Amino acid sequence: MKAIRRFTVRTVLPEALDAVSALAANLRWSWHEPTRRLFARIDPILWDELDHDPIALLGAVDSARLEELAGDGQFIADAQALRADLTAYLEEPRWYQSLEDAPQRIAYFSPEFGIASAIPQYSGGLGILAGDHLKSASDLGLPLLGVGLFYRAGYFRQAIDRDGWQKETYPLLDPDGLPMQVLREGDGAPVLVTLPLTGGSQLHARVWQMHVGRVVLLLLDTDIAENEEELRGVTDRLYGGGGEHRLLQELLLGIGGVRAIKAHVRITGSPAPEVFHTNEGHAGFLGLERISDLIAEGLTFSEALQVVRAGTLFTTHTPVPAGIDRFDASLVERYFQTDLLPGVDAHDVLALGREDYPGGDRGVHNMAVMGLRLAQRANGVSQLHGEVSRGMFGELWPGFDAADVPITSVTNGVHAPTWTDPLMVTLAKDSLGTYDTTRCDWSSDAVSDAQLWSVRRAMREQLVTDARERVAAAWVEENPGMAAPQWMTGVLDPDVLTIGFARRVPTYKRLTLMLHDQDRLRALLTDPERPVQLVIAGKSHPADDSGKALIQKLVQFAAEHDVRERIVFLPNYDIGMARLLYPGTDIWLNNPLRPFEACGTSGMKAALNGSLNLSILDGWWNEYYDGENGWAIPSADAAGDGAERDALEAEAMYDLIEHQIAPRFYDRDDEGLPRRWLRNIRHTLATLSPELSADRMVSEYVERLYVPAARARRAISGESYGPARDLAQWKARVTAEWPNVAVAHVESGGVQSPQVGDELTVRAHVELAGLSADDVLVDVVFGRARDGDELADVHHMPLTLEAHELGQSATFTGTVPLARSGSFGYTVRVTPCHELLAHPAELGLVAVAEH
Ligand SMILES: *Cc1c(COP(=O)(O)O)cnc(C)c1O
C-alpha cells in the first residue's frame, strides 16, 4: 500500500539541545567536519544509515537517547562551542569584506544545486558546481543569494536490474523533513510568487529558504494547494518532461526567481542584488523580469536592456549542442502574449533568443543565445572551453575573429572542505599544523612518505569497504530474500592499484572506451604481479537508452567470473558515494571526446586527495597537466572516423596503464613505499590544490566579473538612468550609421627595408558616415602573417585622430614598433567606442580595411 500524502512530524528536542537544532538548521554541517562528528556521536549507526542527514537523524533517535544527551555535560558543552563557532563564522568579516566597490549583493541562479546527498536536487556536474559555488561564497564572505527550484522528487535513484539495465525511481522528498523554512511575510502568511499563464490560469509557488553557511538559497515550489492540480507538478522533477513542462520550470526559475528575491529583500530589508549571475541558460528569463520592472519605472525596452545587461553575467557550461535549451519560438510567444511580463512585448522577447545567423533555426528560441544577449559579460568554464565557446557562439558577433568574441573563461573549482577526505585533513592538521589542505607545504618532511602512504591506503580501504557493502546491498535489492553470494565479500583489494571512473553517461564521455579491447583490459585486471582494479559509477539520463546500453555492456563485463573481483559498477552515483570514491582511487580516469568536456570537476576532487589523473587533454586537464601530476591520453584528432579515434585513444590508455602507471605504483623500496609515486602525489597536492579550489574560482568571479559588473551597473543607472537612455540612443544611431562606416584607405610609410627596432607609421582614412570620431575606436591590428595572410599572435594598437574635416573622411595615425624579425602583417579595424561598453565587439559591428 502506498501513502497518498506524507509529512514529517518534526522532533521537539529537549531545550538543552538547542545548540544541536541550530547546527542542524544551517547546511554548514554538509562540509564542517567537527559538526558532522558531533551528529555522529548522537548515534553512529543511524548516522551512517541515514546518509549523514542530521535532520533525519534527529527525527529517528528515540527520546530516551535525546534525554540522555540532554544530561551529558560534555556533549552539551561541545554542541555549544560548535554553535558559537558557527555564529562567529556567520558574522565575522571575511575576505570579501576587505574589498572596495564590491557589489552589495549578488544573485546566483541555477536549475540545480548539489549541496549534500540528503538533498538530491542535482543531476551532475552543473549542480555540484553550483553547490560548491555557494559554499565557497559563504567561506569568502560574499553576500550571495542563491535561487533555484525545489523538486519534489529531485533527480532519480538508480538501480541496475539483473540484465544490467538501469531502473529509475523517484523517491519523494518531504520538504518538512529538510533543513529549510517557508519564506513568510511579517504577518506570518507564506510568500506566494505568481505567474499569469496562457488561458487565464496562474502558476503559484511558495519559497523555501535554506541556509548554506552565510548564503541564503531560495527555492520555488509549486506543489501547493493554491495551484490547479496539473500546475502543482511543475516542480515535480529535475529535468523531467520536455518542451512545455521544461519551459514552465524555466519561466518559474527566471521570472519567479526574481520575484522571490524582491519578496525576500522587502521582508528582510537586506540590499537588492546589483549583479545577477546565471549558471547556464536555464534561468535566462530572469533578465526579462528585471526589464519589465525598469519599464514600469519609465524606461523603454532598449533602455532597460542596457541596465540589465550591465549587471548580468552569463556562464555557459557546455559545448554539446544537445545540452542547450531550445524551445519552439511559437510556444514561447504564447507565454509572453499574456500578462506575464507587464510592458514587455513578445516580439522583443523572441528577438533575444532568435538564431538569426547563418546555420541557425529561426523557429527556435535558444536560451544560450538569449543568455548572451541579456548579459554584458559571459564566460566558459575552462580556458579551452572559453576558446571553444568563442567559436561556437561567434556568429552572434559577425565580422570578428573568434579570439575577439566577448566570452572569457573562469576555470571551475571544487569546494575543498567538502571534497577533501577527513583523513587528509587530519594529516595536514597533525603534521603541518593547518586544516587547510589547499594551502600547506606538502613537500615538507613534516609529513613522511610512510604517513602519506598509510593515509592513501586507508582511503583506498574505506572505498573497498563501501564498495563491497554497496555491491551486496544492490544484489539483495534485486534478489529479495536471498543472501548476497560469498564472493562479494572479496570484491576489490585495498592494496591493488585502483582506477576510478564515475560520471553521467552521455555519449561524449565514453563510459565504455575501456572495453574497447576486452582481452587487453582483462589482462590488466588479472595481472598476477601488477593487477589493476576499476571502480565505476554513473547515471544515464532516463530518456537515453543508448546510455543505458553502455551501462549494461559494462555491468555484463564486470559480472564475468575471472574479473568480477577486480571491476565493479556501483549503482546510484551521488555525493555520498563520491566523497569516498575520489579519495579511494589512485588514478582518476577521464576519457571524453575532446573538446566536449567543458571543464570536468571529478578529477579535481580526486586530485585534492592525492589521486593522480589519467585523462584526455580536455577541460581543466588541458591547462593543468604538467607531466608530474598524472598522465595525458593523447587525442587522436587526426583519426579518420570515430571508431578509429576510439581505437587509438583506448590503445594509448592501455599502454599508459601497463607501461607507466602500474610499474610506478608497484615499484616499492625495502620499506614497501613507492617513492616515485609519492613524489607525484606530493607535487599534485602542493601545486594543484590551491588552483583547483572553489575559493580560487569564486574570487576570480568576484574580481574579474562581479565587481566590474556592479560598477557598470552603477554607472549606467546613476542620474535616474540617464546614461542608460543615452547608451540606448547611441547604440541605435551607431547601428543605423554603421553600414556606411568604412576604412577608405591606409597609408604606411617610414620603412624602406624594415629591420627590428624600426617603427611603422600607419595613417588610416576612415569614412565615419554620420558618426563622430569619438564614436569609434580605430585600431591597427598586427602580428605574424601566416599563409593565406591570416594573422597570428595578434596585437591591437589604437590610432589617434589627426584630422576630421566636415564632410570628409577622418584621418587616424600612429606608429607600430617592429619588435621582432620575420613576417609581419597588419590591417586597420574600426569598432564602435563608448565608455559604457565592456568590449569592442559588444555590438557585433566592425569595419576592416580591404586594401
Ligand atoms: C563532481 C561530481 C560530478 C561531476 O563530475 P564531472 O567530472 O564534471 O563529470 C557528478 N556527480 C557527482 C556526484 C559529483 O560529485
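What you are looking at is a predicted structure, and each value in this text was computed from that prediction instead of being measured.

Caption draft 1: The domain arrangement of the protein, seen in detail. When the domains of the protein are assigned, the result is domain 1 (15-89), domain 2 (93-409), domain 3 (421-692) and domain 4 (741-848). Once you take the C-alpha centre of each, domain 1 and domain 2 turn out to be 34 Å apart. Listed by partner, the interface residues are 12 residues for domain 1 and 17 residues for domain 2. Counting the surface domain 1 buries against domain 2, the share from its top three residues, Leu-27, Trp-31 and Tyr-89, is 51%. Between the two partners, domain 1 and domain 2, sit 0 salt bridges. Here domain 1 and domain 2 share 5 residue pairs in polar contact (both at pLDDT 80 or more) between them.

Caption draft 2: Representation of the nonpolar core. With 101 residues, the main nonpolar core has Phe-109, Ile-291 and Phe-336 as its most contacted residues. By residue number, the principal contributor to this core is helix α9 (residues 243-268), which donates 11 residues. Counting the residues that make up this core, at least three belong to each of domain 2 (93-409) and domain 4 (741-848). For Phe-109, the residues in contact, after removing those within four places along its chain, are Val-147, Leu-253, Gly-254, Gly-257, Val-258, Ile-261, Phe-276, His-277, Thr-278, Asn-279, Ala-283 and Leu-286. Of all hydrophobic cores here, the second largest spans 67 residues; its members include Trp-208, Val-215, Leu-705 and Val-707.

Caption draft 3: Quick peek at unusual backbone geometry. Omega for the peptide link from Arg-594 to Pro-595 comes to 0 degrees, which places this bond in the cis form. If you trace the backbone, Pro-595 turns up in the loop between β18 (587-590) and α22 (602-608). Look at Leu-492: it is not a glycine, yet its phi comes out positive at around 65 degrees. Note that Leu-492 resides in the loop between α18 (449-478) and β15 (497-502). Taking relative accessible area as the criterion, Leu-492 reaches 2% and is therefore assigned buried. Non-glycine residue Ser-720 carries a positive phi angle of around 50 degrees. Among the structural elements, Ser-720 can be located in helix α26 (residues 694-737).

Caption draft 4: Representation of the pattern of salt bridges within the structure. Under the counting rule described, the total for this entry stands at 56 salt bridges. Between Glu-92 and Arg-94 there is a salt bridge, with the nearest N and O atoms lying 2.5 Å from each other. Judged by relative accessible area, Glu-92 falls into the partly exposed class, the value being 34%. Here Arg-94 falls in the partly exposed class, since its relative accessible area comes to 23%. With a shortest N-O distance of 3.1 Å, Arg-675 and Glu-671 are connected by a salt bridge. A residue is classified by how much of its surface remains accessible, and Arg-675, at 30% relative accessible area, is partly exposed. Classification of Glu-671 as exposed rests on a relative accessible area of 59%. Residues joined by salt bridges that share partners form a network here, namely Arg-152, Arg-206, Asp-221, Asp-223 and Arg-232.

Caption draft 5: Just the pairing of strand β19 (residues 612-616), in detail. Of all 5 residues that make up β19, 5 are buried, and the element is covered over most of its length. With burial as the criterion, each face of β19 is covered, one bearing Leu-612, Leu-614 and Ile-616 and the other bearing Asn-613 and Ser-615. A crossover connection joins β18 to the parallel β19 through α22; in handedness this β-α-β unit is right-handed. In this structure, β19 lies alongside strand β20 (residues 630-633), joined through 4 bridges in parallel fashion. The residue bridging Asn-613 from the neighbouring strand is Gly-630, located in β20. Between the parallel pair β19 and β20, the chain is carried across by helix α23 (residues 619-624), and the sense of this crossover is right-handed.

What counts, and at which threshold
Residues numbered from 1 in each chain as written. Predicted model: local features only at pLDDT ≥ 70, side-chain atom pairs only at ≥ 80, totals over all residues. Heavy atoms only, no water. Domains from an automatic or database assignment. Contact = heavy atoms within 4.5 Å. Buried area = accessible area lost by both parts, 1.4 Å probe. Salt bridge = Lys/Arg side-chain N within 4 Å of Asp/Glu carboxyl O. Polar contact = N/O pair within 3.5 Å; in protein donor to acceptor, adjacent residues only side chain to side chain. Core = buried A, V, L, I, M, F, W, Y, C linked by side-chain atoms within 4.5 Å. Buried < 20%, exposed > 50% of the residue type's maximum accessible area, 1.4 Å probe, protein only. Helix = DSSP H or I, 4+ residues; strand = E, 2+ residues; numbered from the N terminus. Right-handed = clockwise from strand over helix to strand, strands pointing away. Pairing = 2+ DSSP bridges.

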